[in-house]
Every structure is written in structure tokens, then in C-alpha cells.
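Examining the three-dimensional arrangement
One-letter residues, chain by chain:
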Amino acid sequence: MKQNLPVTSRQTDIPPGVTLVSKTDLKGAITYANDAFVEVSGYPLDELLHQNHNIVRHPDMPPAAFEDMWSTLKRGQPWRGIVKNRCKDGGYYWVDACVVPVKRHDQVIGYMSVRKHATPAAIEAAEALYRDMAAGTVRRRPRPPAWLGIRNGMRAGSLFVAFLMLAGGALGIGGLKLADDAFSRLYHAQLEPVATIGKIETRLSESRATMLEIRLARQEGSQAGQDSQLTALDSQVAKLRANRDEINSLLGQLTGAADQVTRQMYLLTEALNRYTSDGLLPVEQAAARDDPQRVDQLVSQRVLPLEQAATTAAVDLRNSLITAARQEYEDTLARNNRIRNFAIGGILFGLAVVALVGHMFIRGIVDPLNASIRRLNRIAQGDLQGEIDLSGTGESGQLNHAAAVMQLHLKVMIDEIALAARRIHQHCATLNIALYEVTEHSEEQHDRVYSAVRSLDDAVAETSDLSERAERLLNLASEFDASGIGQTLVGETRELATATRLAAFGADEVAGAMRQVAELIVENRGEAQRAWLASEELKRTAGELKNLVDYFEPEKVANT
């Protein structure tokens, strides 16, 4: 980086209200500098023009500050910061600078820097910042993301709301589906098997009662006839056979019960199979052979123990199913609780995201929009001295930047118009003085010319009179005789008459020329007077321009 040396400790204060303006081309060469910038920098204008703008760079400015400035300008955005510049004599001055791209037909053709008075607090903060930059300890302030604009914000907001709706719908529908599945499992895998086991227990109880009836009938068989005993036995065996078939049917319905009770299902199945194969079937066979004693023996020794074992297995399976149902119920409640907590967490997360994005939207879009509206209102009211705010991102940031650039361009144009108006006023005042002197000199010359014309008229009159006398003398000389003296007198008299006539003609021509000169002097005096009037009109126009400039400087108008 260029080091402009030497430097001194002499500081130049920029008065409030003074604007330093310079323009450069794309390579940084100065193409324009206003009088205030020329005066403060200490360089003559011819030493500034076509020189790189770093001619006023102070060595205390860190390179990182200009890197940030150029990176911002290359993005087509304005840059603002507190800058320390160097004067030609080595002194320095602090300014609040705003650098903006100058565009024509949407193409950057150069850059414009507008500087004004920097407050002591801003200078102190800038000095601390530049010390941190030089030490490499500065932390960049977070900026709103570039994608946060109205268009992208609406898209992101719509997508986020759609995502929340889809997530909420999926969560709700999924939760209902899980609840339906849980109730279905609870009904088909627990409640229906429990009801089936209840029916099996009922059939086992009926079979037990039937077997007790068989034993009772056997004990009372001695008192009744054999035919009636066989009839009763057949009827009771038919009941056992019907119960056995129904138990087998109910056992088939239990197939595919819940996995967590598979062992109990296996034990019940084994117990029922033994009950039917080792108990009921032999009883039926003994009854078919008309062997009541064998039936009684099988009932007491096999069927009842097997029935007790099957009942116990059924009770165990029912208890296991009840336990499994309770566990399924508790699991369902826990899952629903998790879903509810997840939904509440999602709602809270969505609210937090909406609040955060809303805050970012307000800070990055709404606030800059309001700032742009306030700035445009101030510009409409003629206030171009307002604070330059370059905040915002996206469309609002672009609007804010455009408003700031427009404000700076208008301010520079107004300053240039004010400078031109002052120069016009000064030149008109000088011209009026010169025209007044010309008019006065023309009056004096006019009087002198007319005096000379009058003198020439008198001389012409005298010359004419002398010519007439010479003519008369010539006539008198012609009357003399032809002597030598007469001829000589006639010749001399003729020459005198001719000379006087020529002198009269010449004096008359000179008088005519002098009259033309006098007329031209009169015309020039009229032109000078008209020029003076035009200059006065120009002065009045310059005053109107000054009033127009004062309209855009409300502080000056208020002070006056």
C-alpha cells in the first residue's frame, strides 16, 4: 500500500455543513474535486486531477478498511465509514465518508466520494476499530444474510409454513394410524383371545360338569335299569364330544395370538391336545364299547386332571394376555405422550423460528423500508443533510442503498449548482462594474466626438466660406488684363480656390465619419446597457438558484 510521508500532528477540522466531494474513474484516478476538497487537502486542483485518489491516503488507515470498501463497491453497493486523510503539508483531517458507484445505463463508470464532518465520538470509535484491524483482532459484525429479501422471504416463509403443515399433518395422521394399530392389536391380539379363552374355560367347566354327571350316573346306575343308564351315558358323551369339537375350534381361533404369550399359547395347546386326545377321546371310545366302568375310571384318573391342567394353562394364558394388553396400553400411552411432546416441541420450534425470522424480517426488511420512506420524505421536503443509512438486505436494502445514492447525488448536484450560482453572481457583479465603466466611458467619448463634430462643422463652414471668397477673388482676377501680373494672380487664385474646395470636402467627409462614430458609440452604449440588464437578469437568476439551493438546506433557512 502506498505510504504518503511525511506526516504531522496538525489536524484540520471540517466544519459542519461543509461537503467534500471527489469523483474517480474505475481505476481510481481523480476526475473531479470540488473547491472544499481542494482547499482542505492543500493540493491545487491541477495536482489532484488525473492522480490516483490514494494521494490523500493517510498511513494510519489500515489496508483492511479499504479492502472492505472495494469489496463492497465491487458488489455495486455504497460504502460508508470514518476515514482519516492526509493533507499535502502532512497534516490530517477526519471525515465521515460515503463512497457510491456512479452508473450510466446500469454500468458502473466511476465512483463518487462524499465526505462531511465526523463527530468526536465517531472518530474515537474509528480509531479503536483501526487499532484492532492493525492488530488483527477485529471481529466483523454479523450482517443479515443476502438472501433475506421480500421475494426469498416469502418463498422461504411459504415453504416453512407448508413444511409445518405437512409435518403436523403427518404427525397427526401418523399418530392416529399408530393409535388405530394399537387398538387393533389390543382388540385382536388381546381382547379376542381373552374372550376365546373364556369360552374354552366355559367349555372345560361344562365338560367337567358333564364328567361329574357321568360319575354320578355311574354311582346311581345300580338302582336304575341298564337301558336308561346307557341312554344317559350316550347323551353325556355327546355333550363331551360337542365340547371337545368346540374347544378344538376355539383353539384354532387362538392360533396367531400375540408373540409375547407364545409360550403360554404352546402350554395351553399342549394341555388341550392332551385333554382331548388322552382324556375325552378314550372316554368316548369307552362309552362306545358300553364300558361304564372304564368311563368312570378314565374320568376320575385322566380327564379331570387333564381338564385341571388345561384350565390352569388357560388361566395363565389369560393372565399373560391381560398383562400384554396392559403393557400394550402403557406403550401406547407412552408413544402418544412422545408424539404429543414432539408435537409441542415442533410447535414451540416453529413459533421460535417464526419469531426469529420475523425479527430478522423486521430488522432486515421492514426497518430499512421505513428508513427509506423517511429519507425519501426528507428529500421531498428539501432535506438532503439527513443521516446516511446503508442497512438492510435484499430488495429493501437495494431500495435503501438507491435512496442513499440518490440523496448523495442530489446533494452533490445542489453543491455544484450553489457553486455555479455563486460564481455567476460574482462574475455578473464584475461584469456590471465593467459595463458601467464602459457606459460611462462611452458617454464621455460620445460627448467628445460630438464636440469634435461641431468643431469640424465650424471648420467646414469656414472652409466653405473661404472657398467662396477664393471663387470671388478668382472672378475678380479674371477681369484684369492679360498682363503677367494678372495671369499670375489668376493662377494662384485658382489653386487657392481648388485647395479650399478640397479642404471643405475633406472636412465634410471627416465630419460624416465622426457622426458615424458618434452613432456607433450610441449603439455601443445601448448594447452595453442591454448587456448590463442581461447581467442583472443573470444575477437575479443566480439568486433564484441560491434560493433553490437554500430550500435543500433547511438549517440555513432556519438560521436566517
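Conventions adopted
Residues numbered from 1 in each chain as written. Predicted model: local features only at pLDDT ≥ 70, side-chain atom pairs only at ≥ 80, totals over all residues. Heavy atoms only, no water. Helix = DSSP H or I, 4+ residues; strand = E, 2+ residues; numbered from the N terminus. Buried < 20%, exposed > 50% of the residue type's maximum accessible area, 1.4 Å probe, protein only. Contact = heavy atoms within 4.5 Å. Core = buried A, V, L, I, M, F, W, Y, C linked by side-chain atoms within 4.5 Å. Expected span 1.5 Å × (residues − 1). Bend = angle between axes of the 7 residues up to and from the residue. Salt bridge = Lys/Arg side-chain N within 4 Å of Asp/Glu carboxyl O. Arc of directions from axis to C-beta. Pairing = 2+ DSSP bridges. Axes fitted to C-alpha atoms, helices over the stretch in contact; angles between N-to-C directions. Phe/Tyr/Trp six-rings, centres within 6.5 Å; stacked < 30°, edge-to-face > 60°. Lys NZ or Arg CZ within 6 Å of the ring centre and 35° of its normal. Patch = residues over 30% accessible without salt bridge, like charges linked within 9 Å, V, L, I, M, F, W, Y side chains within 5 Å. Areas by Shrake-Rupley, 256 points an atom, 1.4 Å probe, with all protein chains shown as cover.

A few words now on the overall build of the protein. Counting its regular elements, the protein contains 11 helices and 5 strands. Counting the 560 residues in the protein, one finds 36% classified as buried. A separation of at least 24 residues holds for 70% of the contacts in the protein among residues at least 6 apart in sequence.

Core analysis: the biggest nonpolar cluster contains 32 residues, and L20, F37, L48, Y93, W94 and V95 have the highest contact counts within it. Elements supplying a minimum of two residues to this core: β2 (30–33), α1 (35–41), α3 (63–74), β3 (79–86), β4 (92–104) and α4 (120–135). For this core, the element with the most residues is β4, which contributes 6 residues. Counting residues in each nonpolar core, the second largest holds 29 residues, with L272, L280, V283 and L306 among its members.

Before going further, it helps to examine helix α7 (residues 262–288). In a regular helix each residue adds 1.5 Å, so 27 residues correspond to 39 Å; α7 covers 37 Å between its end C-alpha atoms and thus fits that length. Within α7, the axis deviates most sharply at L280, by approximately 30°, and proline P282 lies no more than four positions further along.

In a structure, side chains of opposite charge can pair up when their charged atoms sit close to one another. Tallying each qualifying case throughout the model produces 7 salt bridges. When the shortest N-O distance is used, the salt bridge between K88 and E47 registers 3.1 Å. One end of the pair, K88, is in the loop between β3 and β4; the other, E47, is in helix α2 (residues 45–48), and 41 residues separate them in sequence. Here K88 falls in the partly exposed class, since its relative accessible area comes to 38%. Of the residues examined, E47 reaches a relative accessible area of 32% and is grouped as partly exposed. Across the pair R80 and D96 runs a salt bridge whose closest N-O atoms are separated by 2.8 Å. Here R80, found in strand β3, pairs with D96, found in strand β4; they are 16 residues apart in sequence, far enough to count as distant. Members of the salt-bridge network, linked through shared partners, are E537, R540 and E544.

Of note, H50 is a non-glycine position whose phi angle comes to about 70°, a positive value. Checked against the element boundaries, H50 lands in the loop between α2 and α3. Take H50: its relative accessible area is 66%, and that puts it in the exposed class. For D106, which is not a glycine, the phi torsion comes out positive at approximately 65°. Examined against the element boundaries, D106 turns out to sit in the loop between β4 and β5 (107–117). D106 sits in the exposed class, given a relative accessible area of 72%.

Attention now moves to α4. Taking 1.5 Å as the rise per residue, α4 with 16 residues should run 22 Å; its terminal C-alpha atoms sit 23 Å apart, in good agreement. Taken as a whole, α4 has its buried residues at I123, A126 and Y130. Take α4 and look down its axis: the buried residues cluster within an arc of 60°, on one side only. Projecting away from the buried face of α4 at angles above 90 degrees are the exposed residues A121, E124, R131 and A135. The positive-phi residue at the C-terminal boundary of α4 is G136, with phi of around 75°.

Below, the discussion takes up the sheet that holds β3. The 5 strands lie next to each other as β2-β1-β5-β4-β3, forming an open sheet whose pairing is antiparallel. Every other strand in the sheet has two partners, leaving β2 and β3 as the edge strands with one partner each. Across this sheet, the average inter-strand angle for adjacent strands is 30°, counted without regard to direction. Bridging between β4 and β5 involves 10 bridges; their strand directions are antiparallel.

With that settled, consider the environment of N432. Residue position: N432 is located in helix α9 (residues 394–478). By relative accessible area, which is 6% here, N432 ends up buried. Counting along the chain gives 99 residues from N432 to A531, while the straight-line C-alpha distance between them is 8.5 Å.

What follows concerns the side chain of T311. Mapped onto the elements of the fold, T311 is located in helix α8 (residues 292–380). Setting aside residues up to four positions removed in sequence, T311 forms contacts with E201, L204 and R208.

To continue, consider the pairing of strand β1 (residues 20–24). Counting buried residues in β1 gives 4 out of 5 residues, a clear majority hidden from the surface. Pairing of β1 with β5 involves 5 bridges; the strand directions are antiparallel. Bridge pairing in β5 links V21 to V114. In this sheet, β2 lies alongside β1 in antiparallel orientation, the contact comprising 3 bridges. Note on β2: the bridge partner recorded for K23 is Y32. Connecting β1 to the next strand, β2, in antiparallel fashion are 5 residues, including G28 with a positive phi near 90°.

By the definition in use, this model includes 1 aromatic pair. Taking the centre distance of 5.4 Å and the plane angle of 85° together, the rings of W70 and Y111 count as edge-to-face. One end of the pair, W70, is in helix α3; the other, Y111, is in strand β5, and 41 residues separate them in sequence. Given the relative accessible area of 11%, Y111 is considered buried. Sitting over the ring of Y32, K23 keeps its end group 5.4 Å from the ring centre. The ring of F66 has R57 lying over it, and the distance from NZ or CZ to the ring centre is 4.2 Å.

What follows covers a nonpolar patch on the surface. A surface patch of nonpolar side chains, amounting to about 400 Å² of accessible area, comprises I344, I347, L348 and L351. Mapping I347 onto the fold places it in helix α8. With a relative accessible area of 53%, I347 lands in the exposed category.

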